Amino acid sequence: MIVGDRKPMDEILEMLEPYENILILGCGTCVTVCLSGGEREAAILAGQLRIWGKKEGKNLNIMEHTIQRQCEKEWVDEMRGHVEKADVVLSLACGVGVQLVAEMYEEKAIYPGLNTTFMGYPVVHGTWLENCRGCGNCVLAHTGGVCPITRCAKSLLNGPCGGSQDGKCEISKDTECAWQVIYERLKKKDQLDWMNSYQPPRDWSTAGDGGPRKSVKIEEVID
Amino acid sequence: MEADEATSTSEVPEEFRPRIVAYCCNYCAYAAADLAGSMRLSYPPDVKVIRLPCSGKVEISYLLKALEEGADGVMVAGCMEGDCHFMEGNFRAKRKVRHAKRLLEEIGFDSQRLEMFNLSSAMAGRFAEIILEMTERIKKLGPTPLRKGVKD
């Protein structure tokens with residue numbers, strides 16, 4: 001899922017400063033599951049803003065609404081009534097959602113309430129780990145299902161490096177050496193010979209440095 | 001914020017009776033409140049008890065909502081640690097209350113108006129004591145700064 005963290009309150013208050021009718025817009029997919037921008041978090045942030053507004057003697061009208069996905073036009077279009085009532089929309093979606101909402105309501109002030117951080121899964125309840133960079137050229141078949149692009153600090157394809165100590169990466173004692181994890185995983189799969197195969201320099205042209213990437217499913221495109 | 005609170009304190013009416021919302025677990029605090037009644041124990045009357053199936057059911061938004069609507073203090077009362085009917089609901093409540101306090105602090109609102117307590121269903125005396133403790137605390141803090149212009 002796409003993981004995000006709520007922006008610092010000071011930054012949120014600064015963005016919303018000129019406005020009175022504020023819509024907190026939650027997203028019901030990734031950011032709901034990562035507990036940062038769903039219906040529950042929208043209610044919490046709305047509650048905080050109402051308390052802050054009353055305390056500061058401001059006459060704020062804080063509305064909250066959550067749609068299933070802010071990254072699809074059909075869903076974003078359905079909330080037009082809510083958006084029209086607001087002076088500003090604070091979207092708690094990932095950057096994708098914020099951009100689509102901003103595109104569909106060009107006249108309206110649309111601001112992000114989250115910092116979109118990464119794609120990952122929860123390792124324990126409440127803690128998420130980055131697992132995928134979306135580099136466009138997946139190598140998981142050779143690495144026991146562990147992504148070295150994401151989880152190795154150097155994105156090495158022929159690891160580990162000399163900074164691997166006792167299974168940890170030299171950047172932090174809390175960070176596992178991805179190549180140690182890959183080694184253990186391949187051992188369990190009886191595929192350790194992969195460790196001896198040389199991986200040539202990869203083609204990074206798919207990784208997004210050439211502007212926004214596009215995916216076209218030709219069979220689905222309606223002319 | 002401090003200035004606000006100070007102003008509120010100086011404007012405390014003579015008989016300020018703090019309005020406290022108490023989210024109580026059905027298996028402990030709610031039963032203790034019931035027992036306190038049967039035992040004719042007296043405690044400050046301005047506490048509004050809301051029964052929850054478990055203190056872990058409390059949502060941060062409930063706590064904020066009570067404060068937002070003008071409660072002077074909000075408390076969550078759950079079972080003794082280790083004695084939760086649902087194993088760990090009271091620990092969940094403890095984490096939620098701790099986080100709600102952080103959320104209040106980041107908007108400059110005094111988080112002492114929110115507190116978590118633990119007791120068992122047999123502790124009627126303790127229930128009365130907790131209400132008194134919370135009432136005294138809120139009396140010191142004065143009325144909530146959020147009630148300006150709100151009718152009683």
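Use the structure listed above.
Residues numbered from 1 in each chain as written. Chains lettered and ligands numbered in written order. Predicted model: local features only at pLDDT ≥ 70, side-chain atom pairs only at ≥ 80, totals over all residues. Heavy atoms only, no water.

(A) Quick peek at the side chain of A:Ser155. Residue and element names in this part refer to chain A. If you trace the backbone, Ser-155 turns up in the loop between helix H7 (148-151) and strand S8 (168-169). Only 2.6 Å separates the side chain of Ser-155 from the backbone oxygen of Ile-149, close enough to count as a polar contact. If we skip the residues at most four places from it in the chain, Ser-155 touches Arg-133, Pro-148 and Ile-149. (Helix = DSSP H or I, 4+ residues; strand = E, 2+ residues; numbered from the N terminus. Polar contact = N/O pair within 3.5 Å; in protein donor to acceptor, adjacent residues only side chain to side chain. Contact = heavy atoms within 4.5 Å.)

(B) Layout of the interface of chain B and chain A. Between chain B and chain A, the contact holds 16 residues from the first and twelve residues from the second. Taking both partners together, chain B and chain A bury about 1,500 Å²; carbon and sulfur atoms supply 63% of that area. The tally of links from chain B across to chain A stands at three salt bridges. The partner of A:Arg6 in a salt bridge is B:Glu106, with the nearest N and O atoms 2.8 Å apart. In this assembly, chain B and chain A are joined by six residue pairs in polar contact (both at pLDDT 80 or more). For the side of chain B that touches chain A, the secondary-structure elements that each account for two or more residues are helix H3 (60-68) and helix H4 (89-106) of chain B. It is H3(B) that provides the largest number of residues to the side of chain B that touches chain A, a total of five residues. Looking at the side of chain B that touches chain A residue by residue, the classes come out as nine nonpolar, two polar and five charged. (Buried area = accessible area lost by both parts, 1.4 Å probe. Salt bridge = Lys/Arg side-chain N within 4 Å of Asp/Glu carboxyl O. Nonpolar A, V, L, I, M, F, W, Y, C, P; charged D, E, K, R; others polar.)

(C) Geometry of the sheet that holds strand S7 (residues 127-132) of chain A. Residue and element names in this part refer to chain A. The antiparallel open sheet is built from three strands, whose spatial order is S1-S6-S7. Looking at strand neighbours, the two that pair on one side only are strand S1 (2-6) and S7, the edges of this open sheet. Across the sheet, the axes of successive neighbouring strands diverge by a mean angle of 70°, strand direction being ignored. Taken together, the five bridges between strand S6 (residues 114-124) and S7 define a ladder with antiparallel strand orientation. For Met-119, the partnering residue across the bridge sits in S7 and is Cys-132. (Pairing = 2+ DSSP bridges. Axes fitted to C-alpha atoms, helices over the stretch in contact; angles between N-to-C directions.)

(D) Region of the structure containing the pattern of salt bridges. One pass over the full model with this rule turns up 22 salt bridges over all chains. A:Asp77 is the partner of A:Arg80 in a salt bridge, and the nearest nitrogen-oxygen pair spans 3.0 Å. Accessibility expressed as a relative area gives 37% for A:Asp77, which makes it partly exposed. If you follow the salt bridges from partner to partner, you end up with A:Arg50, A:Glu64, B:Lys65, B:Glu68 and B:Glu69 in one network. (Buried < 20%, exposed > 50% of the residue type's maximum accessible area, 1.4 Å probe, protein only.)

(E) A look at the sheet that holds strand S1 (residues 20-25) of chain B. Residue and element names in this part refer to chain B. One open sheet holds the four strands; their spatial order is S2-S1-S3-S4, and the pairing between them is parallel. If you trace the sheet from one side to the other, it starts and ends with strand S2 (47-52) and strand S4 (114-118), each paired once. Strand-to-strand, the axes of this sheet are offset by a mean angle of 20°, without reference to chain direction. Two elements, S1 and S2, share six bridges in a ladder whose sense is parallel. Considered in S2, the bridge of Tyr-23 is made with Ile-50. Of the strands in this sheet, S1, S2 and strand S3 (73-78) touch helix H2 (residues 29-38), which is tilted by about 110° from S1.

(F) Just the packing of aromatic side chains, in detail. This model, assessed by the stated rule, comprises four aromatic pairs over all chains. With a centroid separation of 5.8 Å and 80° between ring planes, the pair formed by B:Tyr27 and B:Phe86 is classed as edge-to-face. Of this pair, B:Tyr27 sits in the loop between S1 and H2 while B:Phe86 sits in the loop between S3 and H4, placing them 59 residues apart in sequence. We classify B:Phe86 as partly exposed; its relative accessible area is 43%. Ring centres of B:Tyr43 and B:Phe127 lie 5.4 Å apart, and the angle between their planes is 85°; this geometry places the pair in the edge-to-face category. Taken together, the positions of B:Tyr43 in the loop between H2 and S2 and B:Phe127 in helix H5 (residues 124-141) put the pair 84 residues apart, joining distant regions of the chain. The ring of A:Trp204 carries the charged tip of A:Arg202 above its face, separated from the ring centre by 4.3 Å. Just above the ring of B:Tyr30 sits the side chain of B:Arg51; from NZ or CZ to the centre is 4.7 Å. (Phe/Tyr/Trp six-rings, centres within 6.5 Å; stacked < 30°, edge-to-face > 60°. Lys NZ or Arg CZ within 6 Å of the ring centre and 35° of its normal.)

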